[in-house]
Every structure is written in C-alpha cells, then in structure tokens.
Amino acid sequence: MLQTEAETFAAALDYAKRSAIPTHQFALEHGLTVDDAYRIQNKLIEKRVLRGATVCGLKAGFTSKAKMEQMGVDQIIFGRLTSDMQINYPDRVPLSQTIHPRAEPELAFRLAIDIDYALDFESAVSAVDAVAPALEIIDSRYENFQFTLEDVIADNSSSSHFTVGRWRPLTMDISALEMTLLVDDEPVLIGNSREISGHPVNTIVELSNLALKQGLKLKAGWIVLAGAATEAVAINGACKISCVVSGLGEVEVGVG
Ligand code: OOG
Ligand code: MG
C-alpha cells in the first residue's frame, strides 16, 4: 500500500466519523493487509492528535467468543483511546455524533509501567496498577456496521467513546466476575469476565505481543479496555447505560 493510499483511507474514515455519515469498506478491494490497516489507524490517530487530543490508552477488540461470533472475525485487534473519547459523569455520549452506536460491558486496566516487550501472565499482573468496571460505546464508520478484519482495524477498531468507573488495586480475583449490561436499569445482557481472553489479564499479555509487532510502546498511566465479555447491544435512542461487575462495582453513562 502506498503512503498516499493510507492517507486517503485515513481521511475518508476521519470524515465519516466527523460527519457521522458512513463510508464504504475498502480493504478487500485494495488487498490490504493487517499491517496496512494499522498504518491507516496510525494516520487517523495522528489527525486527532493534531487537533489537540492525546493518546491515553488502548482498547482490545474481539477477545471474547461472543464478540468474534457477532462480527464474524477470529482474532484480537487493538485501537487507540484518545482523550476526546473519554466521557466523565455527568457528561453524555453525544448520539448526534455517532452513526449506529452499540454498548459493551468492559473491564479497564491502568498500566503501572511502560511496556515494549512481550509479557507473560505474571508480569502482566505486575504491570497493572488498577482495575475498574467500564463501558465502551462502539460505532463503525462503515455502512451497516459491516467490515473485514483489516477494515475494522483501520477504523480504530470501531471505537467511539468510553467511560471508566472507580479504580481499585488489582488485589482481588477477577478471573470469574459476573458482568451485567443494563439499559435504563433493565438488565439486557449478562456475561462473565472469564469470557475475556479466558482471563482478562490475558488480554494484556496478548496486547503486549500485538503492540510489539506493530512497534507500539504501551505507556505507564494508559488505560486498557480488555474487550467486551458479551456481544454489543444497539443503542436506539437517549438512555442510561450501566455496567455492573460483581465485587468490583458499577459504572454508568448517559447517551443522547
Ligand atoms: C469492533 C470492536 C470490538 C470489543 O470489545 O470486542 C470491541 C466491533 O465490534 O465493531 O470493542
Ligand atoms: Mg470493546
């Protein structure tokens, strides 16, 4: 893929996001590889950084079977979290700036150290200084929320907004926590943290490998979203979305 092609695809995705008008998929037609897709993602993020946003973390995608089956893909991906994506209570997710948003119950980790090497499970545990319940609002910039693996990577892994609850030190066992997604206080999906990479900390291990491959250094203080434990739920209008994680707490965000 040529530099100019990467620039063109990044500009199209950037425009789709800013205008909330979906665009066409392009990866299959142009024979793009996963590496090409991350190059486009880099350019997309550069544009946001030029507009004043800062990179504050990473989100993992497709770490649970439910998510892979829902979207028809079979491997973990990542996207960048930028400061303009984080919603803090009582701010609301602006629905008018989204195309076809969906909500996901997530866990967030906060990194204690910079990481530019492959971690194993034990070193991943010590690389984390806190864990929190979280919500991700995803939104694909592609028509009908349909894409190939390469398309979704280029689109910063469908990220749109996220919100993080109260941080706690990673001293409790998080291997099998019930995670419930509620819309207007009604439970709509129940999952379990064991669905996330077999154990949510495994997501950090997998991300360390993936980031190393893409030449990306994870930074101390960054937030890492571990990926949804369940499939994502379509948001059909103004509402309140909550994620309750047993033993860890809850987080909510207004949408609309
Ligand atoms: C890609 C984003 C996946 C997750 O938690 O698995 C994701 C998508 O489904 O559009 O955020
Ligand atoms: Mg997610």
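We now turn to the structure provided with this report. These figures come from a predicted structure and were not determined experimentally.

Another aspect to go through is the pattern of salt bridges. Summed over all chains, the structure comprises eleven salt bridges. Residue Asp 155 pairs with Arg 141 through a salt bridge whose shortest N-O separation is 2.7 Å. Residue Asp 155 is found in the loop between helix H6 (149-154) and strand S6 (159-164), and its partner Arg 141 is found in the loop between strand S5 (128-138) and H6; the two are separated by 14 residues along the sequence. Accessibility classification places Asp 155 together with Arg 141 in one group, the buried group.

We now examine the layout of surface pockets. Each pocket or cavity is described by its volume, and for the largest pocket that value is around 260 Å³. Asp 14, Lys 17, Arg 18, Arg 48, Arg 51, Ala 53, Asp 84, Met 85, Gln 97, Ser 160 and His 161 together form the lining of the largest pocket. Of all the elements, helix H1 (residues 3-19) adds the most residues to the lining of the largest pocket, at three residues.

A word on the side chain of Arg 48. Inspection of the secondary structure puts Arg 48 in helix H3 (residues 34-50). It turns out Arg 48 is buried and unbridged, and the closest side chain with the opposite charge, Asp 84, is 4.8 Å from it. What Arg 48 contacts, discounting residues up to four positions off in sequence, is Lys 17, Ala 53, Thr 82, Asp 84, Met 85 and Asn 156.

Time to look at the packing of aromatic side chains. The geometry of an aromatic ring pair is captured by the separation of the ring centres together with the interplanar angle, meaning the angle of the planes. Overall, the coordinates contain four aromatic pairs when judged by the stated rule. With 4.1 Å between their ring centres and 5° between their planes, Phe 9 and Phe 26 make a pair best called stacked. One end of the pair, Phe 9, is in helix H1; the other, Phe 26, is in the loop between H1 and helix H2 (27-30), and 17 residues separate them in sequence. On the basis of an interplanar angle of 55° and a centroid distance of 6.3 Å, the ring pair of Phe 145 and Phe 147 is categorised as tilted. Assessed through its relative accessible area of 11%, Phe 147 is described here as buried. Taken together through their ring pairs, the aromatic side chains of Phe 9, Phe 26 and Tyr 142 make up a single cluster. Over the face of the ring belonging to Phe 145 we find Arg 102, whose NZ or CZ atom lies 3.8 Å from the ring centre. When the ring centre of Trp 167 is taken as reference, the NZ or CZ atom of Arg 110 above it lies at 5.0 Å.

With respect to the element layout, Ser 157 can be found in the loop between H6 and S6. As a C-alpha pair, Ser 157 and Arg 80 span 77 residues in sequence and 8.2 Å in three-dimensional space. Those residues in contact with Ser 157 that sit more than four places away from it in its chain are Gln 41, Lys 59, Ile 77, Phe 78, Gly 79 and Val 152. Looking at Ser 157, its side chain comes within polar contact range of the main-chain oxygen of Phe 78, at 2.8 Å.

With that out of the way, let us pick up the coordination of the magnesium ion (ligand 2). Bound to the magnesium ion (ligand 2) are the protein donor atoms Glu 104 (OE), Glu 106 (OE) and Glu 136 (OE), situated 2.0 Å from the metal. Along the chain, the residues donating to the magnesium ion (ligand 2) fall in the pattern E-x1-E-x29-E. Of the two residues, Glu 104 is situated in strand S4 (residues 102-111) and Glu 136 in strand S5; the sequence distance between them amounts to 32 residues. Owing to a relative accessible area of 4%, Glu 104 belongs among the buried residues under this scheme.

Look at H1: 24 Å from first C-alpha to last across 17 residues, which is about the 24 Å you get at 1.5 Å a residue. Those residues of H1 that fall on the buried side of the exposure criterion are Ala 6, Phe 9, Ala 10, Leu 13, Asp 14 and Ala 16. Buried residues of H1, seen end-on, are gathered within an arc of 160° and therefore sit on one face of the element. For H1, exposure combined with an orientation more than 90 degrees from the buried face picks out Thr 4, Thr 8, Tyr 15 and Arg 18. Its buried side turned inward, H1 meets H2, H3 and H6.

Analysis parameters
Residues numbered from 1 in each chain as written. Chains lettered and ligands numbered in written order. Predicted model: local features only at pLDDT ≥ 70, side-chain atom pairs only at ≥ 80, totals over all residues. Heavy atoms only, no water. Salt bridge = Lys/Arg side-chain N within 4 Å of Asp/Glu carboxyl O. Helix = DSSP H or I, 4+ residues; strand = E, 2+ residues; numbered from the N terminus. Buried < 20%, exposed > 50% of the residue type's maximum accessible area, 1.4 Å probe, protein only. 1 Å grid on protein atoms, 1.4 Å probe; cavity = no way out; pocket = protein on both sides within 12 Å on 5 of 7 lines; lining within 4 Å. Points joined across faces, edges and corners; volume = space filled by probe spheres on them. Lys, Arg positive; Asp, Glu negative; His and termini not counted. Contact = heavy atoms within 4.5 Å. Phe/Tyr/Trp six-rings, centres within 6.5 Å; stacked < 30°, edge-to-face > 60°. Lys NZ or Arg CZ within 6 Å of the ring centre and 35° of its normal. Polar contact = N/O pair within 3.5 Å; in protein donor to acceptor, adjacent residues only side chain to side chain. Donors = N, O, S within 2.8 Å, 3.2 Å for Na, K, Ca; no water. Expected span 1.5 Å × (residues − 1). Arc of directions from axis to C-beta.

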